[in-house]
Amino acid sequence: MPAFGAVLARHRLISLVALAVLILVAWGWLLSGAGMGMAPTASLFPAGLAEDPMLAMMMPGDMPWTAAQFVVTFAMWWVMMIAMMLPSAAPMVLLYARAAPASTRPATESFTLGYLLVWGFFSLTATLAQWRLATMAMLSPMAMATSSRPLAAALLIGAGAYQISPWKDACLRQCRNPAQFLSRHYRPGWTGAFRMGMIHGAWCVGCCWMLMTLLFVGGTMNLAWIALLTLLVALEKLLPWGRMVSVAAGMGCILLAWAILTG
């Protein structure tokens with residue numbers, strides 16, 4: 001039994017270190033510019049709206065993205081989701097690492113892979129949305145954020161309304177109760193772990209997808225905006241009064257939309 005306990009403790013330590021390294025590498029890549037060929041900004045003001053809207057017209061729709069540009073943008077989104085979402089998902093991953101049998105050690109990696117794969121699907125959708133905004137000349141070339149005040153306000157209102165909705169609450173409850181989630185969805189083996197990771201990732205996307213669309217408001221290369229959203233996600237998932245944080249953030253989004261429309 002002491003040897004078995006030592007194996008479990010070592011497994012949990014390895015999982016913790018691996019998660020920390022993955023998060024740090026993801027943030028480091030964002031700080032370096034995420035391969036986008038431009039330096040990241042750091043402003044809490046919605047980045048695209050801080051510039052002259054005429055700059056967006058310098059990106060005409062008859063200049064289609066290359067395949068390489070699409071792949072780099074997709075990679076930027078996926079790594080950004082890893083950097084933003086994995087810190088708040090760490091308690092779930094570590095609890096699973098503790099609960100998983102020592103004989104199925106790769107299961108923890110499978111759980112994490114399943115979780116990140118779901119965010120990869122979301123990243124593909126976000127990349128397609130960014131491509132569409134670029135072809136419509138609604139994306140600021142410098143900030144990589146929408147230059148349209150109506151669109152920015154609409155995204156903020158949509159995110160605010162979703163934050164206070166029962167759908168958000170239902171998804172958030174799944175993310176806030178790791179033990180309950182594991183007891184309900186536990187399956188043995190690495191395939192079961194992969195399935196559980198995808199289910200948890202789906203709940204997580206359901207919880208946070210509207211918040212992630214706000215990156216088109218603040219700027220996908222705006223580190224201050226990214227950090228703010230990361231902190232918000234962590235607070236609403238990890239704090240005992242997380243639901244209150246969600247509602248407060250929703251009201252804040254609606255107020256910011258009003259300020260943009262009337263400013």
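Scroll up a little and you will see the structure.
Residues numbered from 1 in each chain as written. Predicted model: local features only at pLDDT ≥ 70, side-chain atom pairs only at ≥ 80, totals over all residues. Heavy atoms only, no water.

Asker: Give me the lowdown on the overall build of the protein chain, citing residues and values where you can.
Answerer: Broken down by element type, the protein chain carries ten helices and zero strands. Secondary structure elements of the protein chain, listed N to C terminal, follow the sequence α-α-α-α-α-α-α-α-α-α. Sorting the 263 residues of the protein chain into buried and exposed places 47% on the buried side. For the protein chain, restricting intrachain contacts to residue pairs at least 6 apart in sequence, the fraction spanning at least 24 positions comes to 83%. Carbon and sulfur atoms provide 76% of the accessible area of the protein chain, an area that totals close to 12400 Å². (Helix = DSSP H or I, 4+ residues; strand = E, 2+ residues; numbered from the N terminus. Buried < 20%, exposed > 50% of the residue type's maximum accessible area, 1.4 Å probe, protein only. Contact = heavy atoms within 4.5 Å. Areas by Shrake-Rupley, 256 points an atom, 1.4 Å probe, with all protein chains shown as cover.)

Asker: Describe the packing of aromatic side chains, with residues and values.
Answerer: Scanning the entire structure with this criterion turns up seven aromatic pairs. Measuring from centroid to centroid gives 5.1 Å for Tyr 96 and Phe 111, while their planes differ by 15°, and the two rings are stacked. On the criterion of sequence distance, the pair formed by Tyr 96 in helix α2 (residues 67–99) and Phe 111 in helix α3 (residues 106–135) is long-range, its members being 15 residues apart. Each member of the pair, Tyr 96 as well as Phe 111, is classed as buried. Ring plane angle 40° and centroid distance 6.3 Å describe the contact between Tyr 96 and Tyr 186, whose orientation is recorded as tilted. Taken together, the residues Tyr 96 in helix α2 and Tyr 186 in the loop between α6 (178–185) and α7 (189–213) connect sequence positions 90 residues apart. Among the aromatic side chains, those forming a connected cluster through ring pairs are Tyr 96, Phe 111 and Tyr 186. (Phe/Tyr/Trp six-rings, centres within 6.5 Å; stacked < 30°, edge-to-face > 60°.)

Asker: Requested: an account of unusual backbone geometry, with residues and values cited.
Answerer: Glycine aside, residues mostly have negative phi angles, and peptide bonds mostly take the trans form. Within the chain, Ala 137 stands out as a residue other than glycine whose phi angle is a positive 55°. Following the sequence through the fold, Ala 137 ends up in the loop between α3 and α4 (149–163). Its relative accessible area of 17% is what places Ala 137 among the buried residues.

Asker: I'd like a description of a nonpolar patch on the surface, backed by residues and values.
Answerer: Nonpolar side chains collect at one region of the surface, where Leu 13, Leu 16, Val 17, Val 21 and Val 25 lie side by side and expose about 450 Å² of accessible area between them. When you line up the elements, Val 25 lands in helix α1 (residues 2–31). (Patch = residues over 30% accessible without salt bridge, like charges linked within 9 Å, V, L, I, M, F, W, Y side chains within 5 Å. Salt bridge = Lys/Arg side-chain N within 4 Å of Asp/Glu carboxyl O.)

Asker: Quick rundown of the nonpolar core? Include the residues and the values.
Answerer: Soluble globular proteins tend to pack their nonpolar side chains together in the buried interior. Grouped together as the largest cluster of nonpolar side chains are 73 residues, with contacts concentrated most on Met 80, Met 81, Phe 111, Trp 119, Met 212, Leu 214 and Leu 215. The leading source of residues in this core is α2, at 15 residues. (Core = buried A, V, L, I, M, F, W, Y, C linked by side-chain atoms within 4.5 Å.)

Asker: Describe α7, naming the residues involved and giving the relevant values.
Answerer: Between its first and last C-alpha atoms α7 spans 35 Å; for 25 residues at 1.5 Å apiece the expected length is 36 Å, and the two agree. The largest bend along α7 reaches roughly 45° and is located at Cys 207. (Expected span 1.5 Å × (residues − 1). Bend = angle between axes of the 7 residues up to and from the residue.)

Asker: Outline α6, listing residues and values.
Answerer: All of the buried residues in α6 are Pro 178, Phe 181, Leu 182 and His 185. What you see down the axis of α6 is that its buried residues fit within an arc of 95°, all on one side. Facing away from the buried surface of α6 by more than 90 degrees, the exposed residues are Ala 179 and Ser 183. For α6, the secondary structure elements touched by its buried residues are α2, α3, α5 (166–176) and α7. (Arc of directions from axis to C-beta.)

Asker: Quick rundown of the pattern of salt bridges? Include the residues and the values.
Answerer: One pass over the structure, following the stated rule, counts three salt bridges. Lys 168 is the salt-bridge partner of Glu 236, the closest N and O atoms lying 2.7 Å from each other. In this pair, Glu 236 is assigned in helix α9 (residues 223–238) and Lys 168 in helix α5, connecting sequence segments 68 residues apart. Looking at Glu 236, the relative accessible area reads 0%, which means it is buried. Since its relative accessible area comes to 0%, Lys 168 is described here as buried. Across the pair Arg 173 and Asp 169 runs a salt bridge, and its minimum N-O distance is 2.9 Å. With Arg 173 and Asp 169 both in helix α5, this residue pair falls four residues apart, about one helical turn. Its relative accessible area of 46% is what places Arg 173 among the partly exposed residues. We classify Asp 169 as partly exposed; its relative accessible area is 22%. Linked by salt bridges that have partners in common, Asp 169, Arg 173 and Arg 243 make up one network.

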